[in-house]
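Chain by chain, the residues:
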Amino acid sequence: MPIAPFLHATMETATGGMGTPVAQILSLGSYIPDGVLTNADMEAMVDTSDTWIVERTGIRERHRVGPGDTAASMGERAAREALAKAGNPVPDAIIVATCSAATRLPSTACLIQQRLGLGGMPAFDINAACSGFVYALALSDSLIRSRALRTVLVIASEALTPLVDYTDRSTCVLFGDGAAAAVVGSGGGDGGIRAVRWAADGAEADLIYYGVREDDPDGGRAIRMAGRGTFRSAVTRFINVSELLLADAGWTADDIDWFIPHQANLRIIEATAKRLGVPMERVIVNVDRVGNTSAASIPIALHEAAATGRLRPGQRVVSVAFGSGVTWGGVALEWTGQTSR
Ligand SMILES: CC(C)(COP(=O)(O)OP(=O)(O)OC[C@H]1O[C@@H](n2cnc3c(N)ncnc32)[C@H](O)[C@@H]1OP(=O)(O)O)[C@@H](O)C(=O)NCCC(=O)NCCS
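J.: Run through the packing of helix α7 (residues 227–249) against helix α8 (residues 266–276), naming residues and quoting values.
T.: Two elements in contact, α7 and α8, have axes whose closest approach is 9 Å; the angle formed by their N-to-C orientations is 35 degrees. Our pair here, α7 against α8, has a crossing hand that is right-handed. In this structure, α7 contributes F231, A234, V235, F238, I239 and S242 to the contact, and α8 contributes I268, A271, T272, R275 and L276. Residue composition of the contact of α7 with α8, by class: 8 nonpolar, 2 polar and 1 charged.

Here it is as structure tokens:
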């Protein structure tokens, strides 16, 4: 399997003074819709079973948007929480990671900008599928370290359930809806982003897709996935990028307080953690309750870890993502964000 070259950003020193600024996650917000689809609900829709879904994916339930809820409306709620926790700064840019925008034009970022009553700063979407939050963080990190910007509002929001074919049992059990947001800023003191890796390989574009393709019998109106190939590619990339991030940061697996991977599938997470030598007690898992929320997955997990008091300032975190494209990447950081709801 070819490994694409990585664009690469590594931190130099802690911030302050005249040194290179360090990008930090200053606060987080999240929004998960109330509607729940349990495995029992899935059993009523397709030929599947709770046992099969739990054994193969670890998923027990996922959340579903209600009527009128979109990536923009969920993203707004998550953004309001993150902004409030950071003291309501006016961000220098709004970046939204989503692959499930309700509108092709305008961008979800501009719709959220409007909802927040903000204006003037650049606002745009990134579509890197499940790697979207990592891509947005990587970009924010570069913008902040280069002193182009000081504060970036990063939002990851996905309304995936409207894009799922609930007669396709191999994909419909996997996906859920949700949003999370982070205020990323040039903070003071210790901590922040230590290393970022982001990459893609379009040679595997056929693994997961949504949209019109010539050979698609249903006109591309649902997410399609080659499950086994996706599984193999995800595990390979997760392990590879985790090892690169550890090397970049100068850490070993023992140095990681929390491994917080994209929540696609418990078996992918367990295989990666085992290979890295990180015990599952130091892995944040919520895929059982939210399913795969694509770009929103990592920040929802970060938010949950911080809100439940597990993730504390000064702790070392490695997060890795993989998604359609294929895209992948990750971030190594020392946690600086707020820890309470
Ligand atoms: C989707 C996934 C759980 C399927 O598990 P798998 O062990 O690879 O299963 P396969 O696709 O090979 O299918 C095996 C059998 O299970 C069946 N099956 C698929 N989905 C099923 C379901 N929900 N319930 C019951 N049976 C199911 C298949 O039809 C197949 O039956 P057959 O042998 O009679 O043809 C697994 O491939 C996976 O986790 N892939 C990665 C998914 C992912 O994380 N995607 C997002 C990445 S960002």
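Still to come is the rest of the account.
J.: Which residues make up the domain arrangement of the chain, and what values do they have?
T.: When its domains are assigned, the chain resolves into domain 1 (23–186) and domain 2 (191–334). Here domain 1 and domain 2 have C-alpha centroids that lie 15 Å from each other. Across the contact, 45 residues belong to domain 1 and 44 residues belong to domain 2. Of all elements in the fold, only β2 (23–31), β4 (61–64), α5 (132–145), β7 (151–158), α6 (169–172) and β8 (178–186) reach the threshold of two or more residues within the side of domain 1 that touches domain 2. Broken down by element, the residue count for the side of domain 1 that touches domain 2 peaks at 7 residues, all from α5.

J.: For unusual backbone geometry, give the residues involved together with the corresponding values.
T.: With an omega dihedral of -10 degrees, the bond running from L105 to P106 counts as a cis peptide bond. Following G325, the chain continues into V326 via a peptide bond in cis, with omega recorded as -5 degrees. With respect to the helices, strands and loops of the structure, V326 is situated in the loop between β13 (316–323) and β14 (327–334). Located in the positive-phi region is R147, a residue other than glycine, with phi close to 65 degrees.

J.: Describe the sheet that holds strand β6 (residues 123–126), with residues and values.
T.: In space, the 5 strands of this open sheet follow the order β2-β8-β7-β5-β6, with mixed pairing throughout. Looking at the sheet topology across the chains shown, the edges are occupied by β2 and β6. Taking the axes of each pair of neighbouring strands and ignoring which way they run, one obtains an average angle of 20 degrees across the sheet. Pairing analysis gives 8 bridges linking β2 to β8, with the strands arranged antiparallel. Looking at the pairing, A23 lines up with S186 of β8. Docked against the sheet, helix α3 (residues 71–85) engages β2, β5 (93–97), β7 and β8, running at close to 130 degrees with respect to β2. Each of β2, β7 and β8 touches helix α10 (residues 297–307); the most contacted strand, β2, lies at about 90 degrees to it.

J.: Outline the site of the ligand, listing residues and values.
T.: Lining the immediate environment of the ligand, one finds 22 residues, of which T48, R169, G227, F231 and A264 sit closest. Where the shell around the ligand is concerned, the elements lending two or more residues are α2 (50–57), α6, α7 and β13. Take the shell around the ligand: its biggest share by element is 5 residues, from α7. Its residues assigned to classes, the shell around the ligand comprises 11 nonpolar, 8 polar and 3 charged. Summarising the domain contributions, the shell around the ligand has at least three residues from each of domain 1 (23–186) and domain 2 (191–334).

J.: With reference to specific residues and values, describe α10.
T.: Of all 11 residues in α10, 10 are buried, a share of seventy percent or more. Within the span of α10, buried status applies to S297, I298, P299, I300, A301, L302, H303, E304, A305 and A306. Among the residues trailing α10, G309 stands out with phi positive, at a value near 80 degrees.

J.: Just give me the short version of the nonpolar core, but keep the residues and values in it.
T.: I95, A97, V154, I155, A181 and V184 are the most contacted members of the largest nonpolar core, which has 110 residues in total. With 9 residues, α5 is the single largest residue contributor to this core. Each of domain 1 (23–186) and domain 2 (191–334) contributes no fewer than three residues to this core. Those residues in contact with V154 that sit more than four places away from it in its chain are I95, A136, L137, S140, A181, A182 and V184.

J.: Outline the pairing of β7, listing residues and values.
T.: Summarising burial for β7: 8 of the 8 residues are buried, a large majority. Judged by which residues are buried, β7 turns out to be covered on both faces: T151, L153, I155 and S157 on one side and V152, V154, A156 and E158 on the other are all buried. Where β5 meets β7, 5 bridges bridge the pair, whose relative direction is parallel. From the neighbouring strand, I95 faces β7, where its bridge partner is V154. As judged from the 8 bridges shared by β7 and β8, these two strands associate in the antiparallel manner. Paired with S157 across the strands is A179, a residue of β8.

J.: Residue-level account of the environment of D288, with values.
T.: Relative to the helices and strands, D288 is located in helix α9 (residues 287–290). In sequence terms D288 and L266 are 22 residues apart; their C-alpha atoms lie 8.0 Å from each other.

J.: Could you give me a rundown of the environment of T272, with the residues and numbers involved?
T.: Note on placement: T272 falls in helix α8. Measuring from C-alpha to C-alpha, the distance between T272 and D168 comes to 27 Å, with 104 residues separating the pair along the chain. Residues contacting T272, with those up to four places away along its chain left out, are V235, F238, I239, S242 and P261.

Reading the values: the criteria
- The residue numbers shown here count from 1 along each chain, following its written sequence.
- Thresholds applied to this predicted model are a pLDDT of at least 70 for local features of residues and 80 or more for the giving and counting of side-chain atom pairs; totals over whole chains, interfaces and linings are not thresholded and use all residues.
- A fitted line through C-alpha atoms represents every axis, and for helices the fit uses only the stretch in contact; the resulting angles, taken between N-to-C directions, go from 0 to 180 degrees.
- Per the convention used, a helix needs a DSSP run of H or I reaching at least four residues, while a strand needs a run of E reaching at least two, with both numbered from the N terminus.
- Two helices crossing with the near one rotated counterclockwise from the far one by less than a right angle form a left-handed crossing, whereas a clockwise rotation gives a right-handed crossing.
- Think of it this way: build a C-beta for each residue from its backbone, and any pair within 7 Å is a contact.
- Put simply, Ala, Val, Leu, Ile, Met, Phe, Trp, Tyr, Cys and Pro go in the nonpolar bin, Asp, Glu, Lys and Arg in the charged bin, and everything else, Gly too, in the polar bin.
- In this document the domain limits rely on a domain assignment from an automatic tool or a database.
- A pair of strands is considered paired only if DSSP assigns at least 2 bridges between the two.
- Near residues are defined by distance alone, with the backbone-placed C-beta atom required to lie within 6 Å of the molecule or strand.
- Here exposure depends only on C-beta density: within 10 Å of a residue's C-beta, 20 or more other C-beta atoms make it buried, 12 or fewer make it exposed, and intermediate numbers make it partly exposed, the C-beta atoms being placed from the backbone.
- Only buried residues count toward a nonpolar core: Ala, Val, Leu, Ile, Met, Phe, Trp, Tyr and Cys, linked into one set through C-beta atoms within 7 Å.

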